[in-house]
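Observations on chain architecture
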Amino acid sequence: MDVRNHDGYRTPLKNVRGLGSAKSGTGHFWWQRVSAAALALLSPWLIGLLVALSGQEPEMIRAAIARPWNAVLLTLFCLALFWHLKQGMQVVIEDYIHDRTLGLASHIALILACVTGALACVYAIARIALTAP
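Residues numbered from 1 in each chain as written. Predicted model: local features only at pLDDT ≥ 70, side-chain atom pairs only at ≥ 80, totals over all residues. Heavy atoms only, no water.

**Brief notes about the nonpolar core**
- Counting residues in hydrophobic clusters, the biggest one holds ten residues: Leu39, Leu42, Leu46, Ile65, Ala71, Leu74, Phe77, Cys78, Ala80 and Ile125.
- Mapped by element, the contributors of at least two residues to this core are α2 (25-53) and α4 (68-96).
- Here this core gets five residues from one element, more than from any other, and that element is α4.
- Beyond its immediate chain neighbours, meaning those up to four positions away, Leu39 contacts Phe77, Ala80, Leu81 and His84. (Core = buried A, V, L, I, M, F, W, Y, C linked by side-chain atoms within 4.5 Å. Buried < 20%, exposed > 50% of the residue type's maximum accessible area, 1.4 Å probe, protein only. Helix = DSSP H or I, 4+ residues; strand = E, 2+ residues; numbered from the N terminus. Contact = heavy atoms within 4.5 Å.)

**Some remarks on the packing of aromatic side chains**
- Tallied over the entire structure, the rule returns one aromatic pair.
- If you follow Lys86 out to its NZ or CZ, it ends over the ring of Trp83, 5.6 Å from the centre. (Phe/Tyr/Trp six-rings, centres within 6.5 Å; stacked < 30°, edge-to-face > 60°. Lys NZ or Arg CZ within 6 Å of the ring centre and 35° of its normal.)

**Structural notes on the packing of helix α3 (residues 58-66) against helix α5 (residues 100-131)**
- At a minimum axis distance of 8 Å, the contact between α3 and α5 shows a crossing angle of 105°. Here α3 is positioned roughly perpendicular relative to α5, judged by the angle of their axes. Taking contact as the criterion, the partners of Arg62, Ile65 and Ala66 in α3 are, on α5, Ile128, Ala129 and Thr131. (Axes fitted to C-alpha atoms, helices over the stretch in contact; angles between N-to-C directions. Parallel < 35°, antiparallel > 145°, perpendicular 65-115°, else oblique.)

**A look at the side chain of His28**
- By secondary structure assignment, the location of His28 is in helix α2.
- Residues contacting His28, with those up to four places away along its chain left out, are Gln87, Gln90 and Val91.

**Considering the packing of α4 against α5**
- The N-to-C vectors of α4 and α5 enclose an angle of 175°; their axes lie 10 Å apart at closest approach. Taken together, α4 and α5 sit at an angle that is classed as roughly antiparallel. Contacts between α4 and α5 involve Ala71, Leu74, Thr75, Cys78, Leu79, Phe82, Leu85, Lys86, Met89, Gln90, Ile93 and Glu94 on the former and, on the latter, Gly103, Ser106, His107, Leu110, Ile111, Cys114, Gly117, Ala118, Cys121, Val122, Ile125 and Ala129.
- Counted by class, the contact of α4 with α5 contains 16 nonpolar, six polar and two charged residues. (Nonpolar A, V, L, I, M, F, W, Y, C, P; charged D, E, K, R; others polar.)

Below, the structure written as structure tokens:
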């Protein structure tokens, strides 16, 4: 048997269908790790900000969020969060939902929910940052 030919390791059904690796798992794996690293770096900052702002007046909180660095970092946190959520839930859907129609509907719902959540966060941060006194 040729070492490059792995047909001996495939089931007869896989040989008939001709299904193999889609070669897309590595990119997905790395993007999920990049978003996890971004969240790991931004989480201590966010926790510190929330602790510092606890018990403050609403105007003080708005002013803190409106500071350019805070607004940018909060936006990056939200975008990384929703991207990481989408990547992780996509794997769960692909692994555990075997019905094609339900899987497609779940993927579409996931994308819509993540895009809607990310846009809502970015809009809220921009509105606070641009309208704060």
